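Given next are the chains, with one letter for each unit.
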Amino acid sequence: MRGRWIEHFRGYMFAVAATAVALWIRTLLQPVLQDRLPFGVFYLSVIISAWLGGTHAAVVAMVLGTLAAAHFIIPPQSSMLIVEPADWVSLLIYAIVGAVTIMTFEKTRCDQRKAEQRSAENLALTETLKKSDLQKDEYLALLAHELRNPLAPIATSVDLMARCRDDGRRFDALRRAVQRQLSQLVRIVDDLLDVSRYLQGKMRLLRDPFDFREAVGAAVEMVQPQIDEREHDVRLLIPDEPIGVNGDRVRLVQVVSNLLSNAAKYTPRRGRICIDLRTENGSAILSVSDNGIGIAGDDLDRIFEAFAQVDSSHTRDHGGLGLGLALVHQLCEMHDGSVDVISRGPGKGSRFEVRLPLVELPVPPVRPVESSEPLDLESMSVLIVDDNRDAAETLSMLLTFEGMATTVAYDGPMALDLLRRQKPQFILLDIGLPGMDGYEVARRIRADHRQDGVKIIALTGWGGPEDRRRTREAGFDDHVVKPVDPGNLVDLLRGAQPA
Ligand code: ADP
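On a predicted model such as this, the values are computed, not experimentally measured, just so you know.

1. Observations regarding the UniProt feature "transmembrane region" (unreviewed entry) in the chain
Here is step 1 of the chain: Here the UniProt feature "transmembrane region" (unreviewed entry) sits at residues 12-29, 41-74 and 86-105.
Here is step 2 of the chain: Measuring from the first to the last C-alpha atom of residues 86-105 gives 28 Å, for a span that is 100% helix and 0% strand.

Below, the structure is given as structure tokens:
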């Protein structure tokens, strides 16, 4: 502010000096010009003031020029009177040309300021882009590292499995190792897909009032192997009464299991983890605390940002992509809730607290009652349609072990052709097929009354609500996201009731 006044004052000084010089020149030229062109040289003082001192200085120079011309040059001299119409016209022209000059300089100055601002913004943007490009490269390297981690033991196990086919126990241990590493890979890919959905604003919830205790129970079950492996002592404080929340079950299980899995991961072996679920002032509060490595005060704010990892030195020991907490944060907000973290610092453990609005459960939660006996798959037949031959063949092998009669097709027309000659109870149908996609195949099967009652199950890599809606509309009975857990698929088939 003060600098601006000094600048203005300097401009006014310019204007006074320029007008004085102009008046002096005009006085020198008086014998030649007499009382013609009374404002002529004062144009120069206006232009110079506008150029060097800015708009304010130019306006002052114009006023001073008018007064000087009226007083010293225009007759009657030594008075401020302008009598002759020709002098009035000169004054008018002086005023117009002066105003246009001032406006032109002002516009040029404005454009220049904008250009400077734009160039500063461009510079800042270039810096940001360079930084994010570098972060992206670092992130890709981290991602490659995280994906390679489970791939190495899978490759070794598969190699060893071929060598110890006769040693049942070793074979089983290797198979379990492959299974564990695969589930880790699936989790990384799922998290990446979720984060990309959330960054594109495409994440949708399927909300229903339900008992939050169920989500906590399911999450504990999911993370139990990790907890057991690290021999943690887990304390569960869950109330006996239902805790109603209006939420997407699957997503809330994801929230709790992420927090729990972090607690297991960032707590040294044989640590203590406490899961406490309670209600307070109309909110359901879940806190997951551990006595693990803790978090430094400066890092508490940024751990909920996507791709944030606190400290590469110790977090690298634990792997991870820095996505879990970003998803937890986003999902809590989408449920009109929040998540907070408290830690007294490195080595002092951490506590994550999720708050969700409580809702009344409409009726006491009814546990789903098995409506009928599970199916015996022995007498059932299934058509598997997948253009990935390995996927189709291994799935066929799996279902053959269950006693099912299987047929395999690698594209839509081949599947429809087979269906002219057979009537399976189930069709496991991939969506992304070459030529005719799974939706179209399902629609044609539904239009064929010979196949009435067949259960069509979508096997696809796409698992968003929109994808599920499309499969339902195309006539599918169920939607299973790849990679399929064999146990779950068999359970699903057993639970299905073909007409
Ligand atoms: P990831 O675990 O894959 O790195 P998250 O988003 O789940 O990603 O966590 C982000 C960071 O927050 C982690 O890298 C870790 O430094 C820190 N963090 C999360 N949970 C805990 C915890 N229970 N104790 C200590 N640090 C944690």
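2. Remarks on the environment of Arg 204
Here is step 1 of the chain: Inspection of the secondary structure assignment puts Arg 204 in the loop between α6 (168-199) and β1 (208-211).
Here is step 2 of the chain: Of the residues examined, Arg 204 reaches a relative accessible area of 48% and is grouped as partly exposed.
Here is step 3 of the chain: Separated by 40 residues in the primary sequence, Arg 204 and Gly 244 have C-alpha atoms spaced 20 Å apart.

3. Some words on the pattern of salt bridges
Here is step 1 of the chain: Per the stated rule, a full pass over the model turns up 32 salt bridges.
Here is step 2 of the chain: Between Arg 278 and Glu 353 there is a salt bridge, with its nearest N and O atoms 3.9 Å apart. With a gap of 75 residues between them, Arg 278 in strand β4 (residues 272-280) and Glu 353 in strand β7 (residues 350-357) connect regions that are remote in the sequence.
Here is step 3 of the chain: We classify Arg 278 as partly exposed; its relative accessible area is 26%.

4. A word on helix α7 (residues 212-229)
Because each turn of an α-helix spans 3.6 residues, side chains separated by three or four positions in sequence point in the same direction.
Here is step 1 of the chain: Over its 18 residues, α7 extends 26 Å from the first C-alpha to the last, a length consistent with the 26 Å expected when each residue adds 1.5 Å.
Here is step 2 of the chain: Every buried residue of α7 is listed here: Phe 212, Ala 215, Val 216, Ala 219, Val 220, Val 223 and Ile 227.

5. Looking at the packing of helix α4 (residues 55-73) against helix α5 (residues 85-163)
Here is step 1 of the chain: Relative orientation of the contacting elements α4 and α5 amounts to 170°, with a least axis distance of 10 Å. With respect to their mutual orientation, α4 and α5 come out roughly antiparallel. Judged by residue contacts, Thr 55, Ala 58, Val 59, Ala 61, Met 62, Gly 65 and Thr 66 of α4 engage Leu 91, Tyr 94, Ala 95, Gly 98, Ala 99, Ile 102, Glu 106 and Arg 109 from α5.
Here is step 2 of the chain: Tallied by class, the residues present in the contact of α4 with α5 amount to nine nonpolar, four polar and two charged.

6. What to know about the side chain of Ser 287
Here is step 1 of the chain: With respect to the secondary-structure elements, Ser 287 resides in strand β5 (residues 283-290).
Here is step 2 of the chain: In this structure, Ser 287 is in contact with Cys 274, Ile 275, Asp 276, Arg 278, Arg 351, Phe 352 and Glu 353, ignoring residues within four places of it in sequence.

7. A look at the side chain of Asp 430
Here is step 1 of the chain: Along the chain, the position of Asp 430 falls in strand β10 (residues 426-430).
Here is step 2 of the chain: Exposure remark for Asp 430: the relative accessible area of 5% places this residue in the buried category.
Here is step 3 of the chain: Beyond its immediate chain neighbours, meaning those up to four positions away, Asp 430 contacts Val 385, Asp 386, Asp 387, Gly 438, Leu 459, Thr 460 and Lys 482.

8. Thoughts on unusual backbone geometry
Here is step 1 of the chain: Put simply, Pro 75 and Pro 76 share a cis peptide bond, and its omega is -5°.
Here is step 2 of the chain: Within the secondary structure layout, Pro 76 lies in the loop between α4 and α5.
Here is step 3 of the chain: One non-glycine residue, Leu 37, adopts positive backbone phi at about 40°.
Here is step 4 of the chain: Of note, Leu 37 is situated in the loop between α2 (30-33) and α3 (40-53).

Scoring rules and cut-offs
Residues numbered from 1 in each chain as written. Predicted model: local features only at pLDDT ≥ 70, side-chain atom pairs only at ≥ 80, totals over all residues. Heavy atoms only, no water. UniProt positions renumbered as here; feature names shortened; annotations may be inferred. Helix = DSSP H or I, 4+ residues; strand = E, 2+ residues; numbered from the N terminus. Buried < 20%, exposed > 50% of the residue type's maximum accessible area, 1.4 Å probe, protein only. Salt bridge = Lys/Arg side-chain N within 4 Å of Asp/Glu carboxyl O. Expected span 1.5 Å × (residues − 1). Axes fitted to C-alpha atoms, helices over the stretch in contact; angles between N-to-C directions. Parallel < 35°, antiparallel > 145°, perpendicular 65-115°, else oblique. Contact = heavy atoms within 4.5 Å. Nonpolar A, V, L, I, M, F, W, Y, C, P; charged D, E, K, R; others polar.

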